[in-house]
Structure formats: structure tokens, C-alpha cells
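Remarks on the overall topology
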Amino acid sequence: MITSTSDPQPADFADVRATNLAVVLRFVREHAPCSRADIAASTGLNKATVSSLVADLIDRRLVRETGLTENRVGRPATMLVLDGSPYAAIGVEINVDYVTAVAVDLSGERLLSWRRSFQGPDVTVSQAMAVVAGLVRRVTTRMAREERQVLGLTVAVPGLVGTDGVVRVAPNLGWRDADLCGDLTKALRDPGFPVQVDNDANLAALAEHRFGPWAGTADLVYLTGGIGVGAGVILDGRLRRGGRGYGGEIGHIQLDPLGAECRCGRRGCLEAVAGIGAVLEHAALSPAEVEVELEETVRLARAGDAHTLAVLAGVGRDLGRGVSMIANLLNPEVVVLGGYYVPLAPWLLPEIEAETRGRVIAPDAGGCRVVASALGYGAAALGGAARVLDLVDSGRLPRIS
Ligand SMILES: [Zn+2]
């Protein structure tokens, strides 16, 4: 039977071994196909230790031998690649107008990707939780049918999430102090895998950092382009949440003291003047059916409609002011625009770039590039799955007992 080790390991030999197993697993993920000798040479672990660790990883079906050999001076070597076929990591995103579920295997291969519309502001927390629990049950049933063990679930929420998994405030959903993690664990009847809740921008940044075209970039900021706007900040290769986990709320930086009212109760916040709701409002389109209206906006922009182009230019300039603050403060290598900003990127990016060139004090905007996400609407859910895989990378390995 396969079970998951969720308890903290004692700080002794077992701890050292778990750390070394994780080191080898990460090496194989990054360098596969590779040999045991490659692992020993690069990690500094001795060959006997590497052989024992690899045998353990093969037992757990995290790594497998390909049977291929590489011709080198000396003996041919058996090559290793990630296995992970018996495992799945699940990510779910709750947004204002949709819910997404994604499952990936250990190597990040997409196993399923489901999306359904959802009227977030019209439902209570418990109704939303019932929707998510139902969706997760369908995913776990599918994974069980494929004989995969679920390694964990992370739920992305557009709001402030404490380190305890409690959603402190999600203005666009109307949530306050919702113990989503605790309630969901109960609703799933203690599913036997870890359940985590995190901010959507944080998770989307993790997805970009692990799976996107800019994967591995040490300093990367992701901007969500939903009804709300949030930033996920990766510095020195690590997600930065701030002291209590509430950092990255770029959407509530005030750009205009006399600007439109924000759902947070303040005025002229970035998301109130440059969020997708503002785009549609200025274009006199209904924010109720965002995707349909967005297609119409793209069509009008392509056709050269002057009003639409002016609206997008204005939003691009406001976004550019926000990106300039990020660039002046953090000097990221890349800022990734996600969500609904992606289809609008051809019209937003030139304005954002012009604004950042003018407002960032460092030459060439500090080398900061602004790009559109290639991960689509599922980025935050994919990041939820990435966070589960990060747990495995950090040494919380599934165990065959
Ligand atoms: Zn606000």
C-alpha cells in the first residue's frame, strides 16, 4: 500500500536521508536522463550513498531506469529519468467568475484541466466550498481510476490568505475570515493528502517559475489579470509572501485619489482603474460575461476602433505605472501579465513599456521585461499543483509501506 508521509520527520538520520533523497530527485528532474555517476559528481554524495538513494527512489516509483546507456570512457551507465506515473498533484483555482481544476504528474505532465463558470460574489463561502469539494472528488475519483496516488491539493483564492490557510479577506468574493483549508479538509473527509490554500497570484508565480517560458528566472513577478489584480513575487528563486503572507497586493495601491471606487472600499486603486472590470466598463461592455465581452474588445481593437484603442492605451498606461513601482522597488528580470490581460497584451504591452521606460530610475527600466503569460487561465491552478510538487522536492516524499 502506498501512503504519504505527512508528519514532520525527526531531526536525525531519517531527516538527513529525506533531504538527500530530495537532492537526488531534484537533480534527476533537472538533468534527466542522467546516470548515478553524474549525480555523485554533481551533488558531492559518494557513489554508494547515491546507489542506495536511487534504489529507494526507484522503490517509491519516483525514478526509473530507462535501460539506455551512454557511451563514455569506461563502463556504460544506466540512465535515470523521473517516473512518478503512480502520482498526481492537484491544483484548484476559485475565481470571481470561474473555478478551474488541474492535475499533473510528478514531471508536470498535465493529466486533466477542467474549467467551469462560477458566480463567486453570489454564493456563500460554504456554497463555494461545496462546489470545490465536488470538483476535487471528481478529480480524485479519476486519479484513483488511473491508479494514481494524490500527493496533495492546493486551492488558489483571490484574496489574503494567512499561513494557517484562513482566507482573511477576499474583497471580490465578499469573503472574510473563511477557514477554507479546515472546512475543505472536513468536507473531503480527511482525504489522506495535504490540503493547502494560497493566494492566486502567489501560485500563478510558482507556475511560471516551474513551468512557464521564463521558468527558473530568479526574480520574477506575476500580475493576475482577473476582476482583481494581485502580484506574486519571486526573488532569488523563492516566493516572497511577506511577514504574515499578505504581500503582493499591488491591486490596492492608489493610483488616483479621485478615481473609481474599489471593491475594497477605497478609491482609485490600480485594480479599480486598470483591472478587467475597468476595461469593460470604459468600453461600455457588461462585466457579467467577461470572456464574451473580452472577445468583443479584442475584435474592436483589431478593427482599429478608436474608442477601444483609447481605453486600452489608458489601461496600459495605468498598468505601466503599477509595473514601474514594482520595477523601482524589486528590479525583477521579468513581469508576467496573466489572466484576461493575455488577449489584450498586444495593445497593453507597448504602453506599459513606454511608461516603465519613463518612470523607472534605472537605465533600460532595470532590464525588466514585461511579457504575456503563456500558461493561460489555468496558471493559478497549475501553480497549486506546483506547490504540491515543491513539497515533494523539499523532501516530503510519498512512501511505499
Ligand atoms: Zn482597492
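Each remark here, short or long, concerns the structure printed above.
Read on for a plain summary of the structure. The structure presented is a predicted model; accordingly, all values stated were derived computationally and were not measured.

A word on the overall build of the protein. Of the regular secondary structure elements, the protein holds twelve helices and 18 strands. Here the protein has a C-alpha radius of gyration of 23 Å; the compact-globule value for 401 residues is 21 Å, and the two agree. Referenced to the eigenvectors of the C-alpha coordinate spread, the extents of the protein come out at roughly 70 × 50 × 40 Å. Across the 401 residues that make up the protein, the buried fraction comes to 53%. Considering only residue pairs separated by 6 or more positions, the protein has 64% of its internal contacts joining residues 24 or more positions apart. Per element, the accessible surface of the protein, about 17800 Å² overall, is 50% carbon and sulfur.

Turning our eyes to something else, we now look at helix H4 (residues 125-145). Between its first and last C-alpha atoms H4 spans 30 Å; for 21 residues at 1.5 Å apiece the expected length is 30 Å, and the two agree. The set of residues buried in H4 consists of Ala-128, Met-129, Val-132, Ala-133, Leu-135, Val-136, Val-139 and Met-143. Where H4 is buried, its residues meet strand S5 (87-94), strand S6 (98-104), strand S7 (110-117), strand S8 (149-157), strand S11 (175-178) and helix H5 (180-187). Looking one or two places after H4, you find Glu-147, whose phi comes out positive at around 55°.

The protein atoms donating to the zinc ion are His-252 (ND1), Cys-262 (SG), Cys-264 (SG) and Cys-269 (SG), with metal-donor distances spanning 2.0 to 2.3 Å. For the zinc ion, the four donor atoms in the first shell make angles of 105 to 119° at the metal, so the coordination geometry reads as tetrahedral. Each donor residue of the zinc ion belongs to the same chain, with the gaps between them written as H-x9-C-x1-C-x4-C. Taken together, the residues span a long stretch of sequence, with His-252 in the loop between strand S15 (238-240) and helix H7 (270-274) and Cys-269 in the loop between S15 and H7 at a distance of 17 residues. The exposure class of His-252 is partly exposed, given its relative accessible area of 23%.

The side-chain alternation of strand S16 (residues 334-337) yields two buried faces, one formed by Val-334 and Val-336 and the other by Val-335 and Leu-337. In this sheet, S16 lies alongside strand S13 (residues 220-223) in parallel orientation, the contact comprising four bridges. When the sheet's bridge partners are listed, Leu-220 is paired in S16 with Val-334. Relative to strand S17 (residues 369-372), S16 runs parallel, the two being bridged by four bridges. In the strand pairing of S17, Leu-337 is matched with Ala-372. The parallel pair S16 and S17 is bridged by helix H11 (residues 341-359), and the resulting crossover is right-handed.

Our focus in this paragraph is the nonpolar core. Counting residues in hydrophobic clusters, the biggest one holds 46 residues, and the most contacted among them are Val-24, Leu-25, Ile-39 and Leu-57. Sequence-distant contacts of Val-24, defined by excluding residues within four places in its chain, comprise Ile-39, Leu-45, Leu-53, Val-54 and Leu-57. One finds Val-229, Val-279, Leu-312 and Ala-345 within the second-largest nonpolar core, a separate group that totals 40 residues.

It is worth spelling out the packing of helix H10 (residues 306-330) against H11 at this point. Where H10 contacts H11, the two axes come as close as 7 Å, and the packing angle between them is 55°. Overall, the two elements H10 and H11 adopt an arrangement that is oblique. Considering the relative orientation of H10 and H11, their crossing is right-handed. Contacts between H10 and H11 involve Leu-309, Leu-312, Ala-313, Val-315, Gly-316, Arg-317, Leu-319, Gly-320, Arg-321, Val-323, Ser-324 and Asn-328 from the former and Tyr-341, Leu-344, Trp-347, Leu-348, Glu-351, Ile-352, Glu-355, Thr-356 and Arg-359 from the latter. A class-by-class count of the residues in the contact of H10 with H11 yields eleven nonpolar, five polar and five charged.

Reading guide: rules and limits
Residues numbered from 1 in each chain as written. Predicted model: local features only at pLDDT ≥ 70, side-chain atom pairs only at ≥ 80, totals over all residues. Heavy atoms only, no water. Helix = DSSP H or I, 4+ residues; strand = E, 2+ residues; numbered from the N terminus. Rg over C-alpha atoms; globule rule 2.2 N^0.38 Å. Buried < 20%, exposed > 50% of the residue type's maximum accessible area, 1.4 Å probe, protein only. Contact = heavy atoms within 4.5 Å. Areas by Shrake-Rupley, 256 points an atom, 1.4 Å probe, with all protein chains shown as cover. Expected span 1.5 Å × (residues − 1). Donors = N, O, S within 2.8 Å, 3.2 Å for Na, K, Ca; no water. Tetrahedral: all angles 85-135°; square planar, octahedral: opposite > 155°, others 65-115°. Pairing = 2+ DSSP bridges. Right-handed = clockwise from strand over helix to strand, strands pointing away. Core = buried A, V, L, I, M, F, W, Y, C linked by side-chain atoms within 4.5 Å. Axes fitted to C-alpha atoms, helices over the stretch in contact; angles between N-to-C directions. Parallel < 35°, antiparallel > 145°, perpendicular 65-115°, else oblique. Left-handed = near helix turned anticlockwise from the far one by under 90°. Nonpolar A, V, L, I, M, F, W, Y, C, P; charged D, E, K, R; others polar.

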